[in-house]
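Residue-level structural notes
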Amino acid sequence: MIDAFPPSLIFILGALLIPIFKGKQKQAYLLFVAVVAFIDILCLKAGTGWIFHFLSYELVLLKVDRLSLAMGYIFAFIALMAILYSLHVKEDGQHMAAFLYIGSALGVVFAGDYFSLFVYWEIMAVTSVFLIWYRREKASLDAGFRYVLMHILGGCCLLTGIVLHVVSNGSITIGPLGGGGWTSLFIVIGFGLNTAFLPLHTWLPDAYPLGTVTGSVFLSVFTTKTGVYTLARCFAGNEFVAYMGGAMAVFGIVYALLQNDIRKLISYHIISQVGYMVAGIGMGSELGVNGAMAHLINNILYKTLLFMCTGSVIYMTGKRKLTELGGLARMMPVTCITCLIASLSISGAPGFNGFISKGIVILAAMKSHRALLELLLWLASVGTFLSFTKLFYFTFVAKSEKIKTEETLPNMQWAMVITALPCVLIGIYPKLLFSILPHPADYHPYTLSHIIGVLQLFLFAGLVFMVAIRAYSPHPWLVLDFDYFYRMAFSGIRWVCGPLNFLRLRVQASFSKTVGYFVCLSRNPFALSELSGEYKQSNPESTFCNKTGWGYNENIHRKPMGLGVLLAILFLFFYGLFYILTS
Amino acid sequence: MKRFCKRLLIVLAPLAVLGGFFGHHEYAVFWWHHLSFLGALVGALGALLLMVVIRWVASLAAKKEDFYD
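Each value, and the rule that gives it
Residues numbered from 1 in each chain as written. Chains lettered and ligands numbered in written order. Predicted model: local features only at pLDDT ≥ 70, side-chain atom pairs only at ≥ 80, totals over all residues. Heavy atoms only, no water. Helix = DSSP H or I, 4+ residues; strand = E, 2+ residues; numbered from the N terminus. Expected span 1.5 Å × (residues − 1). Buried < 20%, exposed > 50% of the residue type's maximum accessible area, 1.4 Å probe, protein only. Polar contact = N/O pair within 3.5 Å; in protein donor to acceptor, adjacent residues only side chain to side chain. Pairing = 2+ DSSP bridges. Contact = heavy atoms within 4.5 Å. Buried area = accessible area lost by both parts, 1.4 Å probe. Salt bridge = Lys/Arg side-chain N within 4 Å of Asp/Glu carboxyl O.

**Overview of helix H11 (residues 262-283) of chain A**
All names here are of chain A.
- Spanning 22 residues, H11 covers 32 Å between terminal C-alpha atoms, matching the ideal 32 Å at 1.5 Å per step.
- Among the 22 residues in H11, 21 count as buried, and that is most of the element.
- If you check the start of H11, you find a side-chain oxygen 2.9 Å away from the backbone N of Arg-263, and it comes from Asp-261.

Structure (structure tokens):
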């Protein structure tokens, strides 16, 4: 009897059957698969696993411990909520991409070896881009290509690191990589790109705001969080990682404060919030890692909720810029209240989940005597509060005569309300969160000094905001990020490549012509006489190849090539199947 | 609404500073953790610092929305 089944396979296999169903049946099926995967994860017990022997390696498709279980719970819950939120979407392709994306993210979480992790990692990159492209706008298409390009770069680095690790250690088991050297460098770049390390973060605020309304909800959950998770597995206690976290936290909020697009604003906040997690992992203490994981779980809850709320606003109004929005509180009360809950949670207000996890990460920085890191994290807290005051104020409170709309679709409302509940529940009863953390948690968040300290911070930052509201007001501008340098570099490469490509084409053409002559001659050596000067002079338009009919025909030559490739793939598939069944 | 929020903040902010004198930091490590108005200081100075930083970044990097088009 199977006592543990990989939840990733439930989503991946479930994705294949989506086109079979139509209408209400499809909606029921989507929820059914998500519920089955959730129950499967609830039934998993630490210590269980799925191991395959392939060549001389052990592929661990399922490795369950407290860390992977905590990730699994939150991924499965939020996947269910995101699917509920996207039930109204008619395109099967979008649902399939989302399912494959969720499945591969769960695959990364439960993978016990680097090869399985890498395969799932790449599936995640490829499937997630369709959630951007399904928006079917030129800007989304371009952003999707940039997203894929960056992730291919990250994937190459990760694969290089893994190969170096396997060559030097002979083991593919995932474990701490504290040794430094090229192996660690390549792997940390691979993981860091998904985690939005500076300056590799540009794909995130570029692509996430341009995804579909529902696609961005999925995107906000999995890619960066699997990055954080893999860092926790391999790079806990790394000083570089800790300070990278601090830098990300501050950089994210500075850029978030400058944004006009509501989804771009919260995309920059992903970088900032992930910074807290990365800082916690980098500190490496039990408190730090617990704080990082607690913040990861809480962040998934309120960040998903924020993407749901902003998605609802965009879905109903068609507008996504703060300068065009305002006064939605009365027209969209459910969205407004849930957005307020999410804003208070991300700001770390007492009574909400962010208060608990932010407190743990900052306490870990204090206890490890990292004064600079502590100050950076405090500064990021101030910025978070200010930018969500700005988001909430200019979307829901500030007066706008232009917009007339109503509350969003019922499935979206339900998803928002259910996602908002744990934000409050964990805030009121933190033991709920502590029970699933990887290390025993001995932390009391509700002390008088902590509550008053946070209230002081909010009140004084709020006072500055109200006094200097013009300085924080949104502007219709584009703020250049590091991607400006990447674009310049690529423009330079393209400039250099232009003449080189021309030269390549000329050389290729002349070689092709020569090879063509030889091919024709080998088939008809008597045609050599036709190459003589006399023949050419008398028949200037005719070449002997055209005459003999051996020119390249795309339609004729592609078919046998395609058939050959297909047969090779089929052979490999059946060989692999046979190998797995017999081993 | 805006005026009401501002007045509310003006009333509550000094009260929060007063409240700071009734609690001590349980996990104090550095000298600034003993300040009873640390949160207020971080909030106000942080907001001002961020305001300066975002204005500086905007002066350097803000372009028209169709800059890349």
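Following the structure, the description resumes.
**Some details on the pairing of strand S1 (residues 49-54) of chain A**
Residue and element names in this part refer to chain A.
- Of the strand pairs in this sheet, S1 and strand S2 (residues 57-63) are connected by six bridges, and their pairing is antiparallel. Following the sheet pairing, Ile-51 is matched in S2 by Val-60.
- Hairpin connection between S1 and S2: a loop of two residues separates the two successive antiparallel strands, and Leu-55 in this loop has a positive phi of roughly 50 degrees.

**Concerning the interface of chain A and chain B**
- Contacts between the two partners involve 49 residues from chain A, matched on the other side by 48 residues from chain B.
- Interface area for chain A against chain B, summed over the two sides, is near 4200 Å², with a carbon-plus-sulfur share of 78%.
- The three residues of chain A that bury the most area against chain B are Gln456(A), Met466(A) and Leu478(A), which together make up 15% of that side's buried surface.
- Viewed at the interface, chain B and chain A are joined by one salt bridge.
- A salt bridge links Glu65(B) to Lys321(A); its shortest N-O distance comes to 3.0 Å.
- Elements represented by at least two residues in the side of chain A that touches chain B include exactly helix H10 (239-257), helix H14 (353-367), helix H15 (371-397), helix H18 (448-467), helix H19 (469-472), strand S3 (478-479) and helix H20 (483-523) of chain A.
- Here S3(A) pairs with strand S1 (residues 62-63) of chain B via two bridges, running antiparallel. Note that in S1(B) the partner of Leu478(A) across the bridge is Lys63(B).

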